[in-house]
Amino acid sequence: QVQLVESGGGLVQTGGSMRLSCAASGRTFTAMGWFRQAPGKAREFAGCISWGGNLRYADSVKGRFTISSDNAKNKVYLQMNSLKLEDTARYYCAGSGNYQIYTTPGPYDYWGHGTQVTVSS
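On a predicted model such as this, the values are computed, not experimentally measured, just so you know.

Let us look at the sheet that holds strand β8 (residues 75–80). Taken in spatial order, the four strands of this open sheet run β1-β3-β8-β7, and their pairing is antiparallel. Edge strands, defined here as strands with exactly one partner in the open sheet, are β1 (3–7) and β7 (65–70). Each strand of the sheet is rotated relative to its neighbour by a mean of 15°, with strand direction disregarded.

Here's what the structure looks like:
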């Protein structure tokens, strides 16, 4: 059974930091993405990483968020610094069997259930 399980969400104040983890099981993914969805808004791309270590970030998080992976553990991480109120959302981990990285949800085959991140003032 293929599973993606996110963890590490919670409540943080503006300017604070938080690290999200995503543990994959059941198969190996060659590209992993992080997406987020705020209430009433569409799911949006935050960042992604390929098996080869290529990275891409949304402009809204560039310079503040960092994605890393531990291929041996089949885990991917999202380090979030300098958090803003507008970063409040449910964050989803997604996995793809493609070697390319994608900034849209469509190419990702598997999704976790998400973890809530709430940034307060």
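This part is about the pairing of strand β11 (residues 115–120). The alternating pattern of β11 places Thr115, Val117 and Val119 on a buried face, while none of Gln116, Thr118 and Ser120, on the opposite face, is buried. With four bridges joining them, strand β2 (residues 10–13) and β11 adopt parallel strand pairing. Along β11, the bridge assignment pairs leucine 11 with threonine 118. Two strands pair when backbone bridges link them, and strand β9 (residues 89–96) and β11 are joined in this way by three bridges, in the antiparallel orientation. The residue of β11 that forms the bridge with alanine 89 is valine 117.

A few words on the packing of aromatic side chains. According to the stated counting rule, one finds five aromatic pairs in the structure shown. Consider the rings of phenylalanine 35 and tyrosine 108, whose centres lie 5.3 Å apart with planes at 75°: the pair is edge-to-face. Of this pair, phenylalanine 35 sits in strand β4 (residues 31–37) while tyrosine 108 sits in the loop between β9 and β10 (110–111), placing them 73 residues apart in sequence. One exposure class covers both phenylalanine 35 and tyrosine 108, and it is buried.

With the rule as written, the count across this model stands at four salt bridges. For aspartate 87, the salt bridge is made with arginine 36, and the minimal N-O distance between the two is 2.8 Å. Placement of aspartate 87 in the loop between β8 and β9 and of arginine 36 in strand β4 is noted, with a sequence separation of 51 residues between them. The same class applies to aspartate 87 and to arginine 36, which are both buried. Among the salt bridges present, the one from lysine 62 reaches aspartate 59, with a minimum N-O distance of 3.1 Å. A single burial state applies to lysine 62 and to aspartate 59, both of which are exposed. Counted as one network, the salt bridges with shared partners bring together Arg36, Glu44, Arg64 and Asp87.

What follows covers the side chain of arginine 36. Judged by relative accessible area, which is 5%, arginine 36 ranks as buried. A distance of 2.9 Å separates polar atoms of two side chains, one belonging to arginine 36 and the other to tyrosine 91. In contact with arginine 36, not counting residues within four places along its chain, are Ala42, Arg43, Glu44, Ser60, Val61, Phe65, Glu86, Asp87, Ala89, Arg90 and Tyr91.

What counts and how
- Residues numbered from 1 in each chain as written.
- Predicted model: local features only at pLDDT ≥ 70, side-chain atom pairs only at ≥ 80, totals over all residues.
- Heavy atoms only, no water.
- Pairing = 2+ DSSP bridges.
- Helix = DSSP H or I, 4+ residues; strand = E, 2+ residues; numbered from the N terminus.
- Axes fitted to C-alpha atoms, helices over the stretch in contact; angles between N-to-C directions.
- Buried < 20%, exposed > 50% of the residue type's maximum accessible area, 1.4 Å probe, protein only.
- Phe/Tyr/Trp six-rings, centres within 6.5 Å; stacked < 30°, edge-to-face > 60°.
- Salt bridge = Lys/Arg side-chain N within 4 Å of Asp/Glu carboxyl O.
- Polar contact = N/O pair within 3.5 Å; in protein donor to acceptor, adjacent residues only side chain to side chain.
- Contact = heavy atoms within 4.5 Å.

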